[in-house]
2 protein chains.
Amino acid sequence: MLKDFTEKTIATEMVFKGKIIQVQVDQVKLPNGKVALRELVKHPGAVGIMAITPERKLVLVRQFRKPLEKTIFELPAGKLEEGEDPISCAQRELEEETGYQAETLKHVVSFYTSPGFANEILHLYQAEGLKKGQMKPDQDEFVERVEWSLDECLARIASGDICDAKTIAAIYLWQVQEMKAQ
Amino acid sequence: MLKDFTEKTIATEMVFKGKIIQVQVDQVKLPNGKVALRELVKHPGAVGIMAITPERKLVLVRQFRKPLEKTIFELPAGKLEEGEDPISCAQRELEEETGYQAETLKHVVSFYTSPGFANEILHLYQAEGLKKGQMKPDQDEFVERVEWSLDECLARIASGDICDAKTIAAIYLWQVQEMKAQ
């Protein structure tokens, strides 16, 4: 018998309508009847791809992230375009950012990245049957591919070089898979 | 010899200044000289706590998340207050949301939750020496505690009941720890 914690919307104000995100402030009624404000970011959602080469290395991309003002290492990933199927997006982003093509992409898990303030959902896929092709980054996208072993990935998490939620979740999952395979 | 992908800021416009988040649009110069816009959300950062009871169950909280319009299960977590030390924040949030006190809190890893559009960083701590106390939620905070075994957590990830990035990363890490301990 779960308690109902729903916050009912009394009023909504759109405060920013950008090309990628929209921001709104909702006035809500709390379960205790009080009124509160909620600041919400709307995001189209994204995919991330866990691609492990036949040499048992994880394919990562190095990319500048303006919100952080730094260049970090992440899973290949990308935003969903309107109406786009996540698996098609994953196939496209993997090829554009890394040059690899996957025979199959298996859905692993989907999660909200920042449920406290944003509705972004990230769909994580695992690539199987990787084949090397040609990198085709978007004209205005600047990425560099690296390939690291599990031990190197774990060392890069410890050092802070890998500092992205989806990438860390995928590496821990990969570690579980490797331990099970032994 | 890593390439410089830095996007230099040409102009910044603050488009929303909320109580929790701030949103700005930056005009940037790309490495190829072209100009682009970046929509950025500024967030104060947060902590999450991985607390495993002596019965080997993970302590989770059930909470309504307005951006998702649903009630989900997550690690106990909370936003950093201005100038607050993450470890103090973790101690406070663990006690407020779950009633547990930890003898020690060990820093596990810190990660950006949505580096594409936000600078939120989440500091993950592992609680050791858990002692049961009294739940003290904020007056306007509505949370319910649950405690699940590793198998139940994995089943809840598979079913989509657990659908939060930090919580999934922590559960995969817990699985690694359990496998190592065997």
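Given the structure is predicted, the values throughout are model-derived calculations rather than measurements.

Caption draft 1: Quick peek at the pattern of salt bridges. The tally for this structure, following the rule as stated, stands at 28 salt bridges over all chains. In this structure, aspartate 161 of chain B and arginine 156 of chain B form a salt bridge, with 2.9 Å as the shortest nitrogen-oxygen distance. On the accessibility criterion, arginine 156 of chain B (22% relative accessible area) is partly exposed. Members of the salt-bridge network, linked through shared partners, are Glu81, Glu84, Arg92, Glu93 and Glu96 of chain A.

Caption draft 2: Representation of the relation of the copies chain A and chain B within the structure. Placing chain A over chain B gives an RMSD of 0.0 Å and needs a rotation angle of 180°, together with 0.0 Å of translation along the axis. Overall, the copies show the geometry of a two-fold rotation axis. Taking the C-alpha atom as reference, chain A places alanine 169 of chain A closest to the rotation axis, 2.1 Å from it. A share of 100% of the interface residues of chain A reappears at the interface of chain B, consistent with the copies meeting face to face through the same patch.

Caption draft 3: The arrangement of the side chain of glutamate 178 of chain A in detail. Relative to the helices and strands, glutamate 178 of chain A resides in helix H3 (residues 165-181). When near neighbours in sequence (up to four residues on either side) are disregarded, glutamate 178 of chain A contacts Arg56 and Leu150 of chain A.

Caption draft 4: How the structure looks around the interface of chain A and chain B. The interface is formed by 69 residues belonging to chain A together with 69 residues belonging to chain B. At the boundary of chain A with chain B, the tally comes to 0 salt bridges. At the junction of chain A and chain B, the tally comes to 23 residue pairs in polar contact (both at pLDDT 80 or more). Going through the elements one at a time, strand S1 (8-17), strand S2 (22-29), strand S3 (35-42), strand S5 (57-65), strand S6 (70-74), strand S8 (100-112), strand S10 (143-149) and H3 of chain A are the ones with two or more residues in the side of chain A that touches chain B. With 10 residues, H3 of chain A is the largest single contributor of residues to the side of chain A that touches chain B. Looking at the side of chain A that touches chain B residue by residue, the class counts come to 35 nonpolar, 14 polar and 20 charged.

Caption draft 5: Geometry of the packing of aromatic side chains. All names here are of chain B. In the structure shown here, the tally under the stated rule is 4 aromatic pairs over all chains. Between phenylalanine 73 and tryptophan 148 the ring centres are 4.7 Å apart and the planes differ by 50°, which places this aromatic pair in the tilted class. Pair noted here: phenylalanine 73 is in strand S6 (residues 70-74) and tryptophan 148 is in strand S10 (residues 143-148), with a separation of 75 residues, a long-range link. There is no split in this pair, since phenylalanine 73 and tryptophan 148 are both buried. Between arginine 156 and the ring centre of phenylalanine 73, over which it is positioned, the NZ or CZ distance is 5.9 Å.

Caption draft 6: Spotlight on the side chain of arginine 65 of chain B. Within the element layout of this structure, arginine 65 of chain B appears in strand S5 (residues 58-65). Classification of arginine 65 of chain B by relative accessible area gives buried; the value is 15%. In contact with arginine 65 of chain B, other than residues within four places in its own chain, are Pro115 and Gly116 of chain A together with Lys70, Ile72 and Glu74 of chain B.

Caption draft 7: Inspection of the nonpolar core at higher detail. With 48 residues, the main nonpolar core has Leu58 and Ile162 of chain A together with Leu58 and Ile162 of chain B as its most contacted residues. In this structure, isoleucine 162 of chain A is in contact with Leu60, Phe73, Trp148, Cys153, Arg156, Ile157, Thr167, Ile168 and Ile171 of chain A, ignoring residues within four places of it in sequence.

Caption draft 8: Spatial organisation of the confidence of the model for chain A. Summing up the model confidence of chain A, the mean pLDDT is 96 and the portion of residues at 70 or higher is 99%. At the level of chain-chain contacts, confidence expressed as ipTM amounts to 0.97, with global pTM at 0.97.

Caption draft 9: Local environment of the sheet that holds S10 of chain B. Residue and element names in this part refer to chain B. Within the open sheet, the 3 strands sit side by side as S6-S5-S10. Their pairing is antiparallel. Here the strands that pair on one side only, and so sit at the sheet edges, are S6 and S10. Along the sheet, successive strands turn relative to each other by an average axial angle of 25°, direction set aside. Taken together, the 5 bridges between S5 and S6 define a ladder with antiparallel strand orientation. Paired with glutamine 63 across the strands is isoleucine 72, a residue of S6. Where helix H1 (residues 86-98) meets the sheet, it contacts S5 and S10, and its direction lies at approximately 75° from that of S5.

Criteria and cut-off values
Residues numbered from 1 in each chain as written. Chains lettered and ligands numbered in written order. Predicted model: local features only at pLDDT ≥ 70, side-chain atom pairs only at ≥ 80, totals over all residues. Heavy atoms only, no water. Salt bridge = Lys/Arg side-chain N within 4 Å of Asp/Glu carboxyl O. Buried < 20%, exposed > 50% of the residue type's maximum accessible area, 1.4 Å probe, protein only. Least-squares fit on C-alpha atoms with pLDDT ≥ 70 in both. Contact = heavy atoms within 4.5 Å. Helix = DSSP H or I, 4+ residues; strand = E, 2+ residues; numbered from the N terminus. Polar contact = N/O pair within 3.5 Å; in protein donor to acceptor, adjacent residues only side chain to side chain. Nonpolar A, V, L, I, M, F, W, Y, C, P; charged D, E, K, R; others polar. Phe/Tyr/Trp six-rings, centres within 6.5 Å; stacked < 30°, edge-to-face > 60°. Lys NZ or Arg CZ within 6 Å of the ring centre and 35° of its normal. Core = buried A, V, L, I, M, F, W, Y, C linked by side-chain atoms within 4.5 Å. pLDDT = per-residue confidence, 0-100. Pairing = 2+ DSSP bridges. Axes fitted to C-alpha atoms, helices over the stretch in contact; angles between N-to-C directions.

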